[in-house]
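# Architecture at a glance
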Amino acid sequence: MTTMTKQNYRGVYHFSPKENWMNDPNGMVYFEGEYHLFYQHHPSGMTWGPMHWGHAVSKDLVTWEELPIALAPDEHGMIFSGSAVVDWNNTTGFFEGQPGLVAIFTHHKEMPDGKPAIQRQSLAYSTDRGRTWTKYEGNPVLEHAAYVDFRDPKVFWHQATNRWVMIIACGQTVCLYHSPDLIHWTFASEFGEGIGSHDGVWECPDLFPLAIDGDPANTKWVMLVSIGADPAFVEGSRTQYFTGDFDGEVFTPDEASRRVRWLDFGRDNYAGVSWSDVPAEDGRRLFIGWMSNWMYANQTPTEGFRGAMTIVRELSLELRHGDIVLVQKPARELESAHVQVLSMNEETVHEINTRLSEIRLESYELVAAFPRGKSAGFKVRVGVDTETVIGVNGETEELYVDRTASGLHEFHEHFLGHHTAKLNVQNGLYELRIYVDRSSVEVFGQGGQAVITDLIFPGPECTGLAVFSEEDQNLRMSLDIYEVKPFAEQAKK
Ligand code: FRU
């Protein structure tokens, strides 16, 4: 084992930087066989500070190779969040004869004498598969006369209008712009007033089409909007989504968007956006989020590094009881990083527990199903006085994660809690898929319709797991457990 994998709370299959602070995922783009992941990074400090873009690449979405820092602060300020695209047709003029990568990000410039900072959008490009970056000499390319909070541009190629579209957070709305070349931008519209949650500043938006139930003739646009932490709300920072139509200029929300809908019902999935340029043959909309919360992100009890990403997830839209629901499923690549340790089919809780009492695990995936209407679940990362409880309340049909006894929590008064998500059940079973790692649980209920992502900080000795049923020990469950280890770790065995 390397020193790094021994660090307390460093996930076995979750990305964290080798050292120091990380927040939002940035610039995710697929190019020439590699998934790029950039991230908000303070390379010399354990708390938020002068923001750089850290960089990692992966071929399999599970194992990440950290590369040198991609973008560092300059005369225009720090490098805040943003996106990256492949400029296939050299619309920018940065590339000759071959496509290259362009990053579109916020330059955040602090001002003297207590004046508000200035946030403007800039470009950088790479002709060597993201290994080195050149900042565009004409930076910044977009500013706003009125908004102080004007950041986190997410750019994509809009086929129907044959030009680039940018969605960007503007205070408590998002603004849409378009451009032929990523350099000259035209304002198109603004969205968000009087709709959605305004519990905090709007940040890190995304906008993309998804086919409902996989039918390309029936497509909706999905808008993700993260909202910052406000001391008035114990939930801290969260991400909401809207569904609607988009014509290249204006986003028109559908009726269902009149009510606030959350992407995740845990506390620790923030600022997530989707990958650009995933090949059409693949067709997936891949997503990753920052697994923390601004409420306590600067205080979490990790050593040597601070901040982790969620597992990569595939987003899709499904019609459930007449509602269009944004569904998240673990990317299938994770399955090749797992090794089965248990498989039980419709066995009693009593029998399952007998088997589980012999198993100690830290990083694993658990797939379970039991009859609708029953209250049951799992205790994971169990030790003396420590447990994280994950289950379903059969009466209210709610999925929950209870981290009130999950380990260290003194770093923030609102860390402890019980988080719930309503299940939308279409058959006679409750279905749970749970990813457990050194300092996190990610719970996908009913095929990813209800998701709860939570950090936990149990001691390394807390490796017990158990099943429980509130009715009786004869409740029958199906259960598969897999240890999750990236390929490199498996090869070492
Ligand atoms: C979201 C955010 C972004 C900003 C970045 C700064 O977590 O506040 O709006 O660009 O973090 O690190």
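Residues numbered from 1 in each chain as written. Predicted model: local features only at pLDDT ≥ 70, side-chain atom pairs only at ≥ 80, totals over all residues. Heavy atoms only, no water.

As a further point, take the overall build of the chain. Counting its regular elements, the chain contains 3 helices and 32 strands. The C-alpha atoms of the chain give 22 Å as radius of gyration, which agrees with the globular expectation for 493 residues (23 Å, within 12%). Based on the C-alpha atoms only, the size of the chain along its principal axes is roughly 70 × 50 × 45 Å. Burial status across the chain gives 60% buried among its 493 residues. Taking as baseline every contact in the chain between residues at least 6 positions apart, the subset at least 24 positions apart corresponds to 62%. About 18900 Å² of surface is accessible on the chain, with carbon and sulfur atoms providing 49% of the total. The averaged location of the 69 negative side-chain charges in the chain is 3 Å from the averaged location of its 40 positive side-chain charges. (Helix = DSSP H or I, 4+ residues; strand = E, 2+ residues; numbered from the N terminus. Rg over C-alpha atoms; globule rule 2.2 N^0.38 Å. Buried < 20%, exposed > 50% of the residue type's maximum accessible area, 1.4 Å probe, protein only. Contact = heavy atoms within 4.5 Å. Areas by Shrake-Rupley, 256 points an atom, 1.4 Å probe, with all protein chains shown as cover. Lys, Arg positive; Asp, Glu negative; His and termini not counted. Charge placed at Lys NZ, Arg CZ, Asp CG, Glu CD.)

Before going further, it helps to spend a moment on the nonpolar core. A general tendency of soluble globular proteins is for nonpolar side chains to be buried together. By size, the foremost hydrophobic cluster in this structure holds 36 residues, and its most contacted members are Leu-356, Leu-366, Phe-378, Leu-479 and Ile-481. Beyond its immediate chain neighbours, meaning those up to four positions away, Ile-481 contacts Val-339, Gln-340, Val-341, Leu-342, Leu-356, Leu-361, Tyr-364, Glu-365, Leu-366 and Leu-465. (Core = buried A, V, L, I, M, F, W, Y, C linked by side-chain atoms within 4.5 Å.)

This part takes up the UniProt feature "domain: Glycosyl hydrolase family 32 N-terminal" (unreviewed entry) in the chain. Within the UniProt annotation, "domain: Glycosyl hydrolase family 32 N-terminal" (unreviewed entry) is assigned to residues 14–330. Annotation note: span residues 14–330, helix share 0%, strand share 51%, distance between end C-alpha atoms 12 Å. (UniProt positions renumbered as here; feature names shortened; annotations may be inferred.)

In the numbering used here, UniProt assigns the "domain: Glycosyl hydrolase family 32 C-terminal" (unreviewed entry) feature to residues 354–480. Measuring from the first to the last C-alpha atom of residues 354–480 gives 15 Å, for a span that is 2% helix and 54% strand.

With that settled, consider the sheet that holds strand β24 (residues 376–383). The sheet built from 5 strands is open, its strands ordered β27-β26-β25-β24-β31 with antiparallel pairing. Two strands lie at the open edges of the sheet, namely β27 (418–422) and β31 (464–469), each paired on one side alone. Each strand of the sheet is rotated relative to its neighbour by a mean of 15 degrees, with strand direction disregarded. Relative to β31, β24 runs antiparallel, the two sharing 5 bridges. Each bridged residue has a counterpart across the sheet, and for Gly-377 the counterpart in β31 is Phe-468. (Pairing = 2+ DSSP bridges. Axes fitted to C-alpha atoms, helices over the stretch in contact; angles between N-to-C directions.)

All right, on to the state of the cysteines then. Inspection of the entire model under this criterion finds 1 disulfide. Here Cys-170 is linked by a disulfide to Cys-175, with a sulfur-sulfur distance of 2.4 Å. This pair shows no difference in class: Cys-170 is buried, exactly as Cys-175 is. Cysteine Cys-204 remains unbridged, with the sulfur of Cys-170 as its closest cysteine sulfur at 13 Å. The exposure class assigned to Cys-204 is buried, which follows from its relative accessible area of 5%. (Disulfide = S-S within 2.5 Å.)

This brings us to the environment of Asn-20. When you line up the elements, Asn-20 lands in strand β1 (residues 20–31). We classify Asn-20 as buried; its relative accessible area is 12%. Along the chain, Asn-20 and Gln-446 lie 426 residues apart, while their C-alpha atoms are 36 Å from each other. Residue contacts for Asn-20: discarding those within four places in its chain leaves His-41, His-42, Pro-43, Ser-44, Gly-45, Met-46, Gly-304, Phe-305 and Arg-306. Of note is the side chain of Asn-20, whose polar atom sits 2.8 Å from the backbone oxygen of Pro-43. (Polar contact = N/O pair within 3.5 Å; in protein donor to acceptor, adjacent residues only side chain to side chain.)

The next subject is the site of the ligand. Taken together, Asn-23, Asp-24, Gln-40, Trp-48, Met-51, Phe-80, Ser-81, Arg-151, Asp-152, Glu-203, Tyr-270 and Trp-294 make up all the residues around the ligand. With respect to the ligand, the side chain of Asn-23 contributes an N or O atom lying 3.1 Å from an oxygen atom. Within the contact set of the ligand, an oxygen atom lies 2.6 Å away from a side-chain nitrogen or oxygen of Gln-40. In isolation the ligand exposes 320 Å². Once the protein is present, 95% of that is buried. For the shell around the ligand, the elements supplying multiple residues, two or more each, are β1, β5 (78–87) and β9 (150–158). When the residues that make up the shell around the ligand are grouped by side-chain class, the tally is 5 nonpolar, 3 polar and 4 charged. (Near = heavy atom within 4 Å. Nonpolar A, V, L, I, M, F, W, Y, C, P; charged D, E, K, R; others polar.)

A few words now on helix α2 (residues 349–356). Those residues of α2 lying buried are Val-349, Ile-352 and Leu-356. Down the axis, α2 shows its buried residues gathered within 65 degrees of arc, on one side only. The elements touched by buried residues of α2 are β22 (338–348), β31 and β32 (476–484). (Arc of directions from axis to C-beta.)

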